[in-house]
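# Chain and residue survey
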Amino acid sequence: MRFFIDDLPVIFPYDYVYPEQYQYMCALKRSLDSKGHGMLEMPSGTGKTISLLSLIIAYQQFYPGRRKLVYCSRTVPEIDKALSELKRLMQYRQSQGCGDENFFGLGLTSRKNLCVHPRVSKERKGAVVDARCREMTASWVRAKAKTEGDIELCDFYEKIQTLEAADLIPTGVYTLEDLTDYGKDNGMCPYYLARRVIPLADVIIYSFHYMLDPKVAELVSKEFEKDSIVVFDEAHNIDSICIDSLSIDINQRTLRASTASVERLGERVEEMKNQNSEKLRDEYDRLVEGLRDALAARDEDLVLTNPILPDHVLREAIPGNIRKADHFVRFLKRFIEYLKARMRVMHVVAETTPSFLKHIREVTYIERKPLRFCAERLASLVRTLEITDLEEYGALAKVAGFATLCSTYDAGFMVLFEPYESDQNRVLNPVLHLACLDAAIAIKPVFQRFNTVIITSGTLSPMEMYPRMLEFAPVVQESFTMTLARQCFAPLVVTRGGDQVTVSSKFEVRNDPAVVRNYGNLLIEMARVVPDGIVAFFPSYLYMESIVAMWNENGVLKDVWRHKLIFVETPDAAETSVALQNYRTACNNGRGAVLLSVARGKVSEGIDFDHNYGRAVVMFGIPYQYTESRILKARLEFMREAHQIRENDFLTFDALRHASQCIGRVLRGKTDYGLMVLADKRYSRADKRSKLPRWINTCLTETSLNLSTDMAIGLMRKFLKAMAQPFDMSAQLGVSMWANEHIVQHGGRGDVVTAESTAMEIDQVG
Amino acid sequence: MVKPAVDDDDDYIDIDDTGPEGLKGADGGYAWEEEYKRSWDVIQEDASGSIQSSVSGLSELQRKRRRRLRDTEVVQRGIMRHVTVVIDQSEAMGVRDMTPTRMHAAMGLAEQFVAEFFDQNPISQLSVVGTRDGLAEKVTELSSNPMDHVGALRNRAQRDLAGEPSLQNALELAMHGLRRAPTHGLREIICVFGSLTTCDPGDIEQTLQALRHADVRVSMVHLAAEVHVFKRICTLTGGSFAVAADADNLRDALFELIPPPPLAAGRATADMVRMGFPIKARATDVPTPCVCHHELSFSGYLCPRCGSKVCSLPTDCDVCGLSLVSAPHLARSYHHLFPEENFVELPGTSVLSEACCFACGVEWNNST
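Residues numbered from 1 in each chain as written. Chains lettered and ligands numbered in written order. Predicted model: local features only at pLDDT ≥ 70, side-chain atom pairs only at ≥ 80, totals over all residues. Heavy atoms only, no water.

A count of helices and strands for chain A gives 34 helices and 21 strands. Considering only C-alpha atoms, chain A reaches an extent of 85 × 75 × 50 Å along its principal axes. The buried share of chain A, taken over its 766 residues, is 58%. Across chain A, every contact between residues at least 6 apart in sequence was considered, and the portion connecting residues at least 24 apart equals 80%. Within chain A, the 100 negative side-chain charges are centred at a point lying 4 Å from the centre of the 96 positive side-chain charges. (Helix = DSSP H or I, 4+ residues; strand = E, 2+ residues; numbered from the N terminus. Buried < 20%, exposed > 50% of the residue type's maximum accessible area, 1.4 Å probe, protein only. Contact = heavy atoms within 4.5 Å. Lys, Arg positive; Asp, Glu negative; His and termini not counted. Charge placed at Lys NZ, Arg CZ, Asp CG, Glu CD.)

Let us now look at the side chain of Ser708(A). All names here are of chain A. Checked against the element boundaries, serine 708 lands in strand 21 (residues 707-708). Classification of serine 708 as buried rests on a relative accessible area of 1%. In this structure the side chain of serine 708 is engaged in a polar contact, spanning 2.6 Å, whose partner is the side chain of aspartate 710. Discounting chain neighbours no more than four positions away, the residues touching serine 708 are Val494, Arg496, Gly497 and Gln500. (Polar contact = N/O pair within 3.5 Å; in protein donor to acceptor, adjacent residues only side chain to side chain.)

Attention now goes to the pairing of strand 15 (residues 489-496) of chain A. Residue and element names in this part refer to chain A. Counting buried positions along strand 15 gives eight out of eight residues, so the element sits mostly inside the fold. In terms of strand pairing, strand 15 meets strand 20 (residues 674-679) through six bridges, oriented parallel. Opposite proline 491, over in strand 20, you have methionine 676 as the bridge partner. (Pairing = 2+ DSSP bridges.)

All names here are of chain B. For alanine 225, the position within the fold is in the loop between strand 5 (216-222) and helix 7 (228-237). A relative accessible area of 0% places alanine 225 in the buried class. Separated by 31 residues in the primary sequence, alanine 225 and glycine 194 place their C-alpha atoms 8.5 Å from one another.

For residues with low pLDDT, the predicted coordinates do not support detailed interpretation. Residue and element names in this part refer to chain A. Confidence in the prediction of chain A, expressed as mean pLDDT, is 86, and 94% of residues score 70 or more. This stretch, residues 296-307, has a pLDDT under 50; its non-local contacts, to residues over four places away or in other chains, come to 35 contacts. Overall, residues 752-766 carries pLDDT values under 50, and its contacts beyond four positions in sequence, including any with other chains, amount to 19 contacts. (pLDDT = per-residue confidence, 0-100.)

Here the structure, examined in full by the defined rule, presents 33 aromatic pairs over all chains. Here the aromatic rings of Tyr22(A) and Trp738(A) are separated by 5.8 Å at their centres, their planes lie at 55°, and the arrangement is tilted. With Tyr22(A) in helix 1 (residues 19-33) and Trp738(A) in the loop between helix 32 (709-724) and helix 33 (740-745), this residue pair connects regions lying 716 residues apart in the sequence. A single burial state applies to Tyr22(A) and to Trp738(A), both of which are buried. When the ring of Phe117(B) is compared with that of Phe118(B), the centres are 5.4 Å apart and the planes differ by 85°; the resulting orientation is edge-to-face. In this structure, Phe117(B) and Phe118(B) share a single accessibility class: buried. (Phe/Tyr/Trp six-rings, centres within 6.5 Å; stacked < 30°, edge-to-face > 60°.)

With that settled, the discussion passes to the domain arrangement of chain A. All names here are of chain A. The domain architecture assigned to chain A consists of domain 1 (248-441) and domain 2 (489-726). Averaged C-alpha coordinates put domain 1 and domain 2 at centres separated by 44 Å. Across the interface of domain 1 and domain 2, roughly 860 Å² is buried in total on both sides, 63% from carbon and sulfur atoms. The tally of links from domain 1 across to domain 2 stands at one salt bridge. Our enumeration of links across domain 1 and domain 2 arrives at one residue pair in polar contact (both at pLDDT 80 or more). Broken down by secondary-structure element, the contributors of at least two residues to the side of domain 1 that touches domain 2 are strand 11 (413-420) and strand 12 (428-436). Ranked by residue count, the leading element in the side of domain 1 that touches domain 2 is strand 11, at three residues. Counted by class, the side of domain 1 that touches domain 2 contains six nonpolar, two polar and three charged residues. (Domains from an automatic or database assignment. Buried area = accessible area lost by both parts, 1.4 Å probe. Salt bridge = Lys/Arg side-chain N within 4 Å of Asp/Glu carboxyl O. Nonpolar A, V, L, I, M, F, W, Y, C, P; charged D, E, K, R; others polar.)

What follows is about the pattern of salt bridges. All names here are of chain A. This model, assessed by the stated rule, comprises 52 salt bridges over all chains. Here lysine 273 and aspartate 326 are joined by a salt bridge, their closest N and O atoms 2.5 Å apart. With lysine 273 in helix 13 (residues 252-275) and aspartate 326 in helix 17 (residues 325-343), this residue pair connects regions lying 53 residues apart in the sequence. The class for lysine 273 is partly exposed, based on a relative accessible area of 34%. Look at aspartate 326 and you get buried, because its relative accessible area is 17%. Close ionic contact of arginine 665 with aspartate 608 constitutes a salt bridge, the shortest N to O distance being 3.1 Å. Of the two residues, arginine 665 is situated in the loop between helix 29 (647-664) and strand 20 and aspartate 608 in the loop between strand 18 (593-598) and strand 19 (616-620); the sequence distance between them amounts to 57 residues. Counted as one network, the salt bridges with shared partners bring together Asp239, Arg600, Arg635, Asp654 and Arg657.

Attention now goes to the UniProt feature "zinc finger region: C4-type" (unreviewed entry) in chain B. When the UniProt feature table is mapped onto this chain numbering, "zinc finger region: C4-type" (unreviewed entry) sits at residues 303-320 of chain B. Strand forms 22% of residues 303-320 of chain B and helix 0%; the C-alpha atoms that close the span are 9 Å apart. (UniProt positions renumbered as here; feature names shortened; annotations may be inferred.)

Relative placement of two packed helices is described by the angle separating their axes and the distance separating the axes. Residue and element names in this part refer to chain A. Here helix 20 (residues 374-385) crosses helix 21 (residues 394-408) at 145°, and the two axes come no closer than 7 Å. Within the contact between the two elements, helix 20 uses Cys374, Ala375 and Leu378 and helix 21 uses Leu396, Ala397, Ala400, Gly401, Ala403 and Thr404. The class makeup of the residues in the contact of helix 20 with helix 21 is seven nonpolar, two polar and no charged. (Axes fitted to C-alpha atoms, helices over the stretch in contact; angles between N-to-C directions.)

Another point: the interface of chain B and chain A. Counting from both sides, the interface comprises 24 residues of chain B and, opposite them, 23 residues of chain A. Counting each side, the surface lost to burial between chain B and chain A is near 1,800 Å², with a carbon and sulfur contribution of 47%. Of all residues in chain B, Leu196(B), Glu226(B) and His228(B) give up the largest surface area on contact with chain A, accounting jointly for 29% of the area buried on that side. Summed over the shared surface of chain B and chain A, the result is four salt bridges. When the shortest N-O distance is used, the salt bridge between Asp97(B) and Lys721(A) registers 3.2 Å. At the boundary of chain B and chain A, one finds eight residue pairs in polar contact (both at pLDDT 80 or more). For the side of chain B that touches chain A, the class distribution of residues is 12 nonpolar, five polar and seven charged.

Right, let's talk about the sheet that holds strand 4 (residues 186-193) of chain B for a bit. Residues and elements named next belong to chain B. Here six strands make up an open sheet; going across it, the order is 3-2-1-4-5-6 and the pairing mixed. Among the strands making up the open sheet, the edge pair consists of strand 3 (135-143) and strand 6 (241-243). For this sheet the average axis-to-axis angle between neighbouring strands, irrespective of direction, equals 15°. Lying on the sheet, helix 3 (residues 102-120) is in contact with strand 1 (81-88), strand 2 (125-132), strand 3 and strand 4; it crosses strand 1 at an angle near 170°. Of the strands in this sheet, strand 1, strand 2 and strand 3 are in contact with helix 4 (residues 146-158), which crosses strand 3 at around 155°.

Time to look at the UniProt feature "domain: VWFA" (unreviewed entry) in chain B. Listed under "domain: VWFA" (unreviewed entry) in the UniProt record, and renumbered for this structure, are residues 82-258 of chain B. Secondary structure content for residues 82-258 of chain B is 41% helix and 24% strand, and the end C-alpha separation is 12 Å.

Moving on: unusual backbone geometry. In the segment running from Ser461(A) into Pro462(A), the intervening peptide bond is cis, with an omega of -10°. Looking at where Pro462(A) falls in the secondary structure, it is placed in the loop between strand 13 (452-457) and helix 23 (465-470). Here the residue pair Leu313(B) and Pro314(B) is connected by a cis peptide bond, since its omega of -10° sits within 30 degrees of zero. Looking at where Pro314(B) falls in the secondary structure, it is placed in the loop between strand 12 (309-310) and strand 13 (315-316). For Asp215(B), which is not glycine, the phi dihedral falls at a positive 60°.

Residues and elements named next belong to chain A. Phe232 and Phe402 are the most contacted members of the largest nonpolar core, which has 171 residues in total. When residues of this core are assigned to their parent elements, the largest contribution, 10 residues, is made by helix 17. Inspection of this core shows a minimum of three residues originating in each of domain 1 (248-441) and domain 2 (489-726). With residues near it in sequence (within four places) discarded, phenylalanine 232 still touches Cys72, Phe208, Met211, Leu212, Ile238, Ile443, Val446, Val453, Ile454, Ile455 and Thr456. (Core = buried A, V, L, I, M, F, W, Y, C linked by side-chain atoms within 4.5 Å.)

Attention shifts here to the state of the cysteines. Taken as a whole and assessed by the stated rule, the structure comprises zero disulfides over all chains. Free cysteine: Cys488(A), not disulfide-bonded; nearest cysteine sulfur from Cys699(A) at 8.6 Å. No disulfide involves Cys320(B); its sulfur sits 3.6 Å from that of Cys317(B), the nearest cysteine. Taking relative accessible area as the criterion, Cys320(B) reaches 24% and is therefore assigned partly exposed. (Disulfide = S-S within 2.5 Å.)

As C-alpha cells, then:
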C-alpha cells in the first residue's frame, strides 16, 4: 500500500498498516526531519523492522541527500531477518514503479559466517577463522609471497584486490546468504567485499559491536557521513553493551599467557635485529613522526586494535622510552610483573584509575603517558615483526588494552581487585577488573558523530532513564501500545498462594518453605491448565538451583511431571540448546513441556517462544541484579554522582526491563496469544508497575492485580478458552489494521493522489 | 443472579421475603427447585464495569442466527459417512468446570449427538472409541443402530477416569475400524477431548501421514484450550477444531459436525452403489430368528437379494452384505444435498399484508 506522511510518499509492502506502525513512522519522520536523536518503544511482534525500513528508505529516496542508513541489530539471525525484510521491501517498491536506481543494501558479520575459503571456512571457532584468514591476507605475507612464491594466499581475497570498489558487485540488496553465494560464484571474499563496498552502500545492517566497540568501529564504521541515520534495534540493553565493550578482566591465566607472549616477542625482536634491523629502524622513524601516520596502514593490517583514544592523544608522538622495540618489550615485562605482584594481594582492593596509576609510578616508575600508548605501540610492533598467529597474542593485547584504558580515562572507570570468587566461596581466583562505569563513554562518539541516532526496542520503559545514562537529548521520545481487536495477551500479577501467604523472591523470604511451596503450586496448576509450552523464569541460577532442589524434595516436580516434561537452562550453551530443541519437540507433539530458565540468561534474550512454544510465561520473583557485586555498587555510586540516578531507581529499572524482556518473549505478533504471569507481591506496587512498558501496563487492570493462585488459574482458563475461539479477521480492519481510507479517517493522508501522478512524482525524485 | 421480580409499587408496603411469592424463581417455581446455576458465571463485571453476561447473550443470539443462515449452495456432500467418535476418558475429564463434570456433560451431549446424527444421516455408520491410561479401546463397532451406541455410552459414563489419553492409539484404532468402510463413503473421526496432553507410543506425525493417506478427516471439540498438535492434525486432515467455552458451546460445536461435510474437490466422483429396499416381513404367528442378533422376533425386514431377515433399517445385510435402506432414509439424507432456501428476515410488520402467520395462525407482533 502507499500512503503519505506529510508530503513523503511511503510505500509499505503489506495491504494494511497497523495504527501503531503508522504512528511509529510519523514519530520517526519527525526525528529525521529535525536531524535529532530519537527513542521509540513499540511492542514486539508489531513489525518494527519493516516500519523502520519502509519509512527510512522512502525518506532516503524522496529527499535529496540520500542519507545513509546504518542499522544495528543484536544477533546474526536478526541481521539476516532485517536483510530479507529489506529485500522484500525493495522488490515491492520495484513492483510499485519506484526507480530506486542503484539502491545498494548489504549486511556485514564476522569472517566465520562469511568465509568461503574451502579450508578456512571449515574451522568452527571465530578466532581461529580470523587467524587463518590473516595468515593469508596480511600485507607482509602477500609481499613475501611475491618474492618467495611458495606461500599460500587466499585467491578470494586476491581477486578483491585487483578490482575497484565500484566494480566489485552490482547494486541491489544482498542478504548474508546472497553475499556468500555471490562470493562463491565470482571467486571473491564476501567479508572483504562487504567491507570494501560499505562506503558505497545505502543501507548497512550489522551488529551493535561494529558501531559501539571502539576497537571494531575504528575499522568498519569510520567512513560514514555525518547525516547518516543510525538505528539501534532491540536496544534495551545498550548501556550494558557499551559498558562491556570497555571493561577488561585480567586473571592469572591471562598474565601467564602474556608473559609467554612477551618472551616470544622479545625473541622475535632479537631475531629481526640480527636479520633485518632496517625494518625496526623504519618503524622507529615512523613513530617519531607521529601516531597517525602509523595508523595510515591499510585497514586489513590493523590487527591488534586499540581501544578508543581521544583525538588530541593521537596527534602526539609515541613517547621516547617505548619507541625502541626492545625497550617496549622490557616495558611490557615490567608492567606484567607489576600486575602479577598485585595479584598476590589477599584482600579486595577497589581504587580509581588515578590512584592505580599513582601506585604504578611509585612502585615501577612507569609514567602515565607511555601506558596510554601501550596498545598502539603493541599493534605497531606486531605489524613490524610480521606476526600472523595473532590469537597467541590475545592475552597480551588485553593487558595492553587495560593499560591504555586505565591511563586514558580518569573518571568513569574503576580498578577492582578481587582475590576470591565470592565472599562465601574461599577459592582463590584473583581477578583484576577494569570496570567501565559510564555507559556514555562508548556511545558518546556515536551521538556526536551522527545527526540522527534512533534507539528502539520493545521494552524501553521507563524512557527517561536512557537519555540520562547515555547522556544524549532525544528530540522524539515515544512509546506506542499495541492496538488489538482482541486482547491477545493477559498479564497477571500473582501475589499470594492458595493459602494466602504472600509470595516474593525478596532475599529474606525467598527460601521460606511456604513461598517455595506456593511457587511450586502455581507451576503445577499452570501445567494443568495451559496447553503446550510454559516458560518459567527465575531471577538467578543460584535461586533456580535451590528452589528446584526443594521442589524435588517436596514432590512438586513429580506433580508437574504428570502434566508436562521439564527442561532446565544451564550456563552451558550446548546443553541449553539441546534442552531447547527437546522442549520444542515436546511442544509440537502434544506432550507439553516446562522450560525453567533464568532472566538475563541466554533464553531470556533473543529466543522467541511464539505460538505453541510459549502459551504462558511465568516470572518467579523480580530479577534484581546481584547487589553485593562490587562492580555494581561502584556503578550505582557513579550514577548517583554523575547522572543523579538513585540506586534504587536504577536497580528497579534494570530488574523490570529484564522482567519485561522475559515476559515479552511469549508474544510474537498479533495472531499469537499468551499469558504473562508475574509472581511476586512487589509487582502489584505502583512504583514497580509503572516501570513496565506501556503496552503491558495498560492491560494490567484491577482484576489482574493482586491475585491468588486459584484466582489466577481461573482467569487463565477463561483466557485460553476465549483465545481458542475462531477469530474473524474482518473485525480487525479499521481497529488494529488500517487501509488507506482509515488513515484518511484518522487525519492522515492516504493515497488520494491518483496512482499515475504519484508515480511521476517519485520518478522525478528518483 | 436472577432476582425475583417484585412489583416496585408495593415493595415498601409489604416486604415479605419469606413468603412464597418472594421465593418464586424466574420460571415460577421455587428457587431451590430450579436448575443449579453458577451465578458467578452469569454476571461478570470487568474492570470497566461492563457486564459480560449481556454481551454473551447478544453473541448467543448472533450464533443462533448464524446457525439458521445455512449455506444453501448445492455442493456434493458425502452422505454415506463412516464416523468414529473418540471420547477422552482421562483424568482431565473429571474437572468440574462444566456441571457436574466435563465427562458427564460430554457424555450427555454425545448421546444427543448420536441420536441427532442418525436422524439426519440415516445411511451412515458410527462407532465409538474411548481412550485413557495411554490406551485406546473400542466401545462399539461400526453400526447404524443408535441404540447400540447410546447404551454403550451410558455404561461408559459410569466408568472411572484415569491417566492420560493417547491420541495416537485412538486414531490408529479408529483408522483400523474405518479401513473396512467402502471407498465411496466418507471416513471421519470426531474426537471429544478434555486433556491438554497426549501420551503417545510413537511419532504422531506418522499417524498423521497415514490418516491423510487413508483420506480420514479428523475433527475435534476440545473442552479446555487450543493444543497445537490437535489443531494441526485437524487442519491438515481437512477437519475442524473447536474449543468449547461452556456446555452450550460444546453442544453447538458438536452439532455443527452433524450435517455431512462437502467432498474434497478431488474426490467428487460419481459412484454406483448397490442398495436394497427390503420389504417388511409379514407378521407371523411363530417368531423367526433374525440374522443380525440371532434372536427370535415376530417382525423384521427381508433382504431383497437373499431373503434373510433383519430387525431394523438401515443396515448391511449380514448374509449377502447388501446395504439395506428404506426410501424415507434416502430422502432424509438427500435434503443435505439440495438444501432449502434460507428464510428472509423482513423488517417489522409493515411489509406483511396478513395479520397472522400463514402456517400456524399466530398473530404478528413486533417482538417476534
